[in-house]
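Listed below, chain by chain, are the residues.
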Amino acid sequence: MKTILAGRNLSKTFGGAVALAGLDFHLCQGEILGLIGPNGAGKTTLINIVSGHLRASSGDVSLHGDVISPLTAHEIARAGIARTFQTVRPFVGMTVEDNVLVGAFFGSARRLHERHPRRRVDEALAFVGLISHRHDPVEGLTIGDRKRVELARALAMEPRVLLLDELMAGLNPGEMDEAMALVRQINALGVSLIIVEHVMQAVIGLCERVMVLHHGEKIADGPTRAVLDDSRVVEAYLGSRYRDRSRTAEDSAW
């Protein structure tokens, strides 16, 4: 498959602490790539670098072969990369609709003049199931619905690549099933995704390929089941509780 997003020799240090060390990665067109690893492994640091919220200490990121590392976060968003955050960040004091409208005005330069922003807002809210809440203040929503708002805001930007940072965190089983269905639908629209996730049910259910970080380095990258069975990944992240479980689909949802 054609590569849409790639990083080469990415490193990031904070003082004497190494968050990423010489990382190479790629995302293929139409792919859902899982990004997993222990807390502090460098996953969110990588997302922040790709989205322009952090500058890499060395290395570069390219989108469709064009280097985007020197760009600011809003320029990268206009280039076609949207993201959600590990901690939900709605604009409090604004309605659901206005939160999503920010994304519509801030989104991909390819489409800014093609369709009215409010039409993109309507489509995004309908897609995530929040049309009936469009005039509600965002601070009154549940955590699950706030995550839907953030997802709708990202979709209103009409991205080529979507970075999801722990979308499933804090969701109950029903909400998680709905969120997984939304991710599949987004991917079916032609959006390529990187999902940072600790919920293995979501990783197994959504990702054909997984990359594992540990202490800022890539320790595995490949087909999901093979990576999750890798002894290095079990040792560094999953632990013996995963090793001892059955590999059947019925028992994979833990």
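Residues numbered from 1 in each chain as written. Predicted model: local features only at pLDDT ≥ 70, side-chain atom pairs only at ≥ 80, totals over all residues. Heavy atoms only, no water.

1. Digging into the overall build of the protein
Move 1: Helices and strands together make up the secondary structure of the protein, namely 10 helices and 10 strands.
Move 2: Since a compact globule built from 254 residues should have a radius of gyration of about 18 Å, the 18 Å found for the protein is in line with a globular shape.
Move 3: Overall size of the protein, expressed as C-alpha extent along the three principal axes, is 50 × 45 × 35 Å.
Move 4: Taken over 254 residues, the protein has a buried fraction of 50%.
Move 5: By element, 52% of the accessible surface of the protein is carried by carbon and sulfur atoms, the whole surface being about 11400 Å².
Move 6: When the 29 positive and 30 negative side-chain charges of the protein are each reduced to one mean point, those points stand 4 Å apart. (Helix = DSSP H or I, 4+ residues; strand = E, 2+ residues; numbered from the N terminus. Rg over C-alpha atoms; globule rule 2.2 N^0.38 Å. Buried < 20%, exposed > 50% of the residue type's maximum accessible area, 1.4 Å probe, protein only. Areas by Shrake-Rupley, 256 points an atom, 1.4 Å probe, with all protein chains shown as cover. Lys, Arg positive; Asp, Glu negative; His and termini not counted. Charge placed at Lys NZ, Arg CZ, Asp CG, Glu CD.)

2. Looking at the nonpolar core
Move 1: Membership of the largest hydrophobic core comes to 49 residues, with the highest contact counts inside it found for Leu 162, Met 168, Leu 193 and Leu 206.
Move 2: Excluding its chain neighbours within four sequence positions, the residues that come into contact with Leu 206 are Ile 32, Met 168, Met 180, Val 183, Arg 184 and Ile 195.
Move 3: Residues Leu 27, Ile 47, Val 61 and Val 196 belong to the second largest nonpolar core, which totals 25 residues. (Core = buried A, V, L, I, M, F, W, Y, C linked by side-chain atoms within 4.5 Å. Contact = heavy atoms within 4.5 Å.)

3. Thoughts on the state of the cysteines
Joining two cysteines, a disulfide is a covalent bond between their sulfur atoms.
Move 1: Scanning all chains against the criterion turns up zero disulfides.
Move 2: Cysteine Cys 28 is unpaired, with the sulfur of Cys 207 as its nearest cysteine sulfur at 13 Å.
Move 3: Residue class for Cys 207 comes out buried when judged on its relative accessible area of 5%. (Disulfide = S-S within 2.5 Å.)

4. Some words on the sheet that holds strand E5 (residues 66-67)
Hydrogen bonding along the main chain pairs the strands of a sheet, whether they run parallel or antiparallel.
Move 1: Ordered in space as E2-E1-E4-E5, the four strands form an open sheet in which the pairing is antiparallel. Pairing within the sheet leaves two strands with one partner each, and these edge strands are strand E2 (17-28) and E5.
Move 2: Alignment of strand E1 (residues 3-14) against strand E4 (residues 58-63), held across five bridges, turns out to be antiparallel. Looking across to E4, one finds that Arg 8 is bridged to Asp 60.
Move 3: Its contacts with the sheet put helix H1 (residues 43-50) on E1, E2 and E4, and the angle it makes with E2 is roughly 65 degrees. (Pairing = 2+ DSSP bridges. Axes fitted to C-alpha atoms, helices over the stretch in contact; angles between N-to-C directions.)

5. Examining the packing of aromatic side chains
Move 1: Applying the stated rule across the entire model yields zero aromatic pairs.
Move 2: Above the ring of Phe 14, the side-chain terminus of Lys 12 is found at 5.2 Å from the ring centroid.
Move 3: Across the ring face of Phe 85, the terminal group of Arg 83 is positioned such that the distance to the ring centre comes to 4.0 Å. (Phe/Tyr/Trp six-rings, centres within 6.5 Å; stacked < 30°, edge-to-face > 60°. Lys NZ or Arg CZ within 6 Å of the ring centre and 35° of its normal.)

6. So, unusual backbone geometry
Move 1: Of note, the phi angle at Glu 166 is positive, near 55 degrees, even though the residue is not glycine.
Move 2: Mapping Glu 166 onto the fold places it in the loop between strand E7 (161-165) and helix H6 (173-188).
Move 3: Judged by its relative accessible area of 11%, Glu 166 falls in the buried class.
Move 4: Although it is not a glycine, His 215 adopts a positive phi angle of roughly 55 degrees.

7. Structural notes on the environment of Ala 79
Move 1: Relative to the elements of secondary structure, Ala 79 occurs in helix H2 (residues 73-79).
Move 2: Given a relative accessible area of 23%, Ala 79 falls into the partly exposed group.
Move 3: In the structure, Ala 79 is positioned 158 residues away from Tyr 237 in sequence and 34 Å away in space, judged by C-alpha atoms.

8. Concerning the environment of Ala 220
Move 1: Topologically, Ala 220 is positioned in strand E10 (residues 217-223).
Move 2: With 63 residues separating them along the chain, Ala 220 and Met 157 place their C-alpha atoms 32 Å apart.
Move 3: Not counting the four nearest positions on each side in its chain, Ala 220 is found in contact with Val 210, Met 211, Val 212, Val 227, Asp 230, Arg 232 and Val 233.

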